Amino acid sequence: MLDERKLQVLRAIVTDYVSSREPVGSKALVDRYDLGVSPATVRNDMAALEDEGYIAQPHTSAGRIPTDKGYRLFVDRLAGLKPLSAAERRAIQTFLSGAADVDEIVARTVRLLAQITQQVAIVQYPVLSATTLRHVEVVSLTPDRVLLIVINSAGRVEQRTVELPGHTEEQLSVLKTRLNEAVLGRAQADAANELSRLSSAVGPEDQATTQVAIAAVLEILGSGTATRVMVGGVPNLTRLGDFNSTVQPVLEALEEQVVLLKLLDESVSADDVTVRIGRENDYAPLQTTSLVASAYGSHDDVWASMGIVGPTRMDYPSTMATVRAVARYVGRFLSEG
């Protein structure tokens with residue numbers, strides 16, 4: 001266990017290296033940080049930190065840089081995440097508030113995280129198990145074709161085109177009323193059960209039309225987006241030059257949806273920010289990166305997760321605060337939507 005002075009030296013090394021991208025020497029630490037000890041003491045502390053694997057010397061006669069172990073201790077010993085300023089919170093709210101549905105919310109969230117953190121943003125589409133059905137609309141497109149639109153309480157809009165030859169406006173009005181009576185205010189599973197009962201309850205003259213419409217609505221209810229993620233800010237990987245020859249495997253890993261979903265699922269704990277650093281990631285191509293992730297959802301139901309992937313040399317306190325704030329706002333936005 002490191003004493004407080006060595007922890008202070010480690011914090012200074014991490015902070016300086018993240019800022020300057022240059023290995024840190026003892027003289028730089030003494031000049032830039034009020035450590036309250038002599039240069040000789042700082043050198044001794046750095047030697048002890050290196051012996052214990054928290055920092056390393058990349059080149060002979062060079063300064064020191066943090067290792068994965070050093071970053072981990074730095075993150076674990078953060079006293080707390082600094083809350084975002086009122087201006088930062090307003091900026092997040094403004095950026096997301098115009099979103100019309102879940103797809104747009106996810107797209108805006110990806111852009112927002114990538115822009116603020118200057119890293120690669122990953123957002124999993126929500127599993128909206130707690131949402132209810134808000135409305136079903138039935139619109140005639142042609143004499144033989146109808147558009148079914150389903151809207152849930154999170155604002156997600158799904159639609160299907162179905163063939164209903166020779167339908168009338170009166171028939172569509174009755175169909176719309178029946179569908180809404182079956183699903184309005186119900187969770188998806190309950191709505192599906194009600195629709196199944198409706199199918200057998202209508203008269204023979206409406207049976208065919210109703211069954212076609214019900215099949216389309218059930219298809220919509222079953223077409224969840226939980227197995228998708230959206231990625232943004234990939235050019236940020238090459239902007240800082242942290243990866244050098246290892247950037248291609250990272251890029252290829254970011255194209256694998258299954259890998260990203262597994263990464264998020266394994267990294268997120270409820271109502272907190274999780275950080276995986278370097279070799280803490282099980283997937284080898286991402287072991288030169290760090291992941292900062294958080295779950296989002298309502299108070300009672302975690303829907304999905306989001307995070308950023310970037311070099312291990314990142315501003316962890318700021319990135320963690322941003323990911324947490326955006327996750328909480330998106331969860332609140334969807335809950336109230």
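Keep in mind that this is a model prediction, so the values were computed, not measured. (Residues numbered from 1 in each chain as written. Predicted model: local features only at pLDDT ≥ 70, side-chain atom pairs only at ≥ 80, totals over all residues. Heavy atoms only, no water.)

A.B. asks: Help me understand the overall build of the protein, please; the structure alone is not making it clear to me.
C.D. replies: Per the secondary structure count, the protein includes 13 helices and 10 strands. Considering only C-alpha atoms, the protein reaches an extent of 95 × 40 × 30 Å along its principal axes. Within the protein, the proportion of its 337 residues that are buried is 46%. For the protein, the share of sequence-separated contacts (at least 6 apart) that also reach a separation of at least 24 residues comes to 59%. (Helix = DSSP H or I, 4+ residues; strand = E, 2+ residues; numbered from the N terminus. Buried < 20%, exposed > 50% of the residue type's maximum accessible area, 1.4 Å probe, protein only. Contact = heavy atoms within 4.5 Å.)

A.B. asks: Help me understand the pattern of salt bridges in this model?
C.D. replies: Where charged atoms from two side chains of opposite charge come close, those side chains can pair. Across all of its chains, the model carries 16 salt bridges by this definition. Among the salt bridges present, the one from aspartate 45 reaches arginine 5, with a minimum N-O distance of 2.7 Å. Residue aspartate 45 is found in helix H3 (residues 39-51), and its partner arginine 5 is found in helix H1 (residues 4-20); the two are separated by 40 residues along the sequence. Judged by relative accessible area, aspartate 45 falls into the buried class, the value being 2%. Given a relative accessible area of 34%, arginine 5 falls into the partly exposed group. For glutamate 158, the salt bridge goes to arginine 160, with nearest N and O atoms at 3.8 Å. Taking relative accessible area as the criterion, glutamate 158 reaches 15% and is therefore assigned buried. If you follow the salt bridges from partner to partner, you end up with Asp3, Arg5, Lys6 and Asp45 in one network. (Salt bridge = Lys/Arg side-chain N within 4 Å of Asp/Glu carboxyl O.)

A.B. asks: I keep staring at the pairing of strand S3 (residues 120-124) and nothing clicks. Help me out?
C.D. replies: Where a strand is regular, its side chains alternate between the two sheet faces. Along S3, five of the five residues are buried, which leaves the element largely enclosed by surrounding structure. As paired elements, S3 and strand S7 (residues 229-232) share four bridges and run antiparallel to each other. Bridging from a neighbouring strand, glutamine 124 pairs with valine 229 of S7. (Pairing = 2+ DSSP bridges.)

A.B. asks: Just checking my understanding: could you explain the packing of aromatic side chains for this structure?
C.D. replies: Under the defined criterion, the tally for this structure stands at one aromatic pair. In this structure, lysine 69 is placed above the aromatic ring of tyrosine 54, and the distance from its NZ or CZ to the ring centre is 4.6 Å. It is arginine 228 that lies over the ring of tyrosine 125; its NZ or CZ is 4.0 Å from the centre. (Phe/Tyr/Trp six-rings, centres within 6.5 Å; stacked < 30°, edge-to-face > 60°. Lys NZ or Arg CZ within 6 Å of the ring centre and 35° of its normal.)

A.B. asks: Can you walk me through the domain arrangement of the protein in this structure?
C.D. replies: How big an interface is tends to be stated in terms of accessible area lost as the parts join. Assigned domains of the protein: these are domain 1 (4-77), domain 2 (86-127 + 227-336) and domain 3 (132-224). Taking the mean C-alpha position of each, domain 1 and domain 3 sit 64 Å from one another. (Domains from an automatic or database assignment.)

A.B. asks: Just to check I follow, could you spell out the sheet that holds strand S6 (residues 157-163) for this structure?
C.D. replies: By way of backbone hydrogen bonds, the strands of a sheet pair with one another, either parallel or antiparallel. Spatially, S4-S5-S6 is the arrangement adopted by the three strands of the open sheet, whose pairing is antiparallel. Each edge of the open sheet is held by one strand with a lone partner, namely strand S4 (133-142) and S6. Shown here is a sheet whose adjacent strand axes are inclined to one another by a mean of 20 degrees, direction ignored. Bridge count between strand S5 (residues 145-152) and S6: seven bridges; the pairing is antiparallel. Across the sheet, residue valine 150 finds its bridge partner in S6, namely glutamate 158. (Axes fitted to C-alpha atoms, helices over the stretch in contact; angles between N-to-C directions.)

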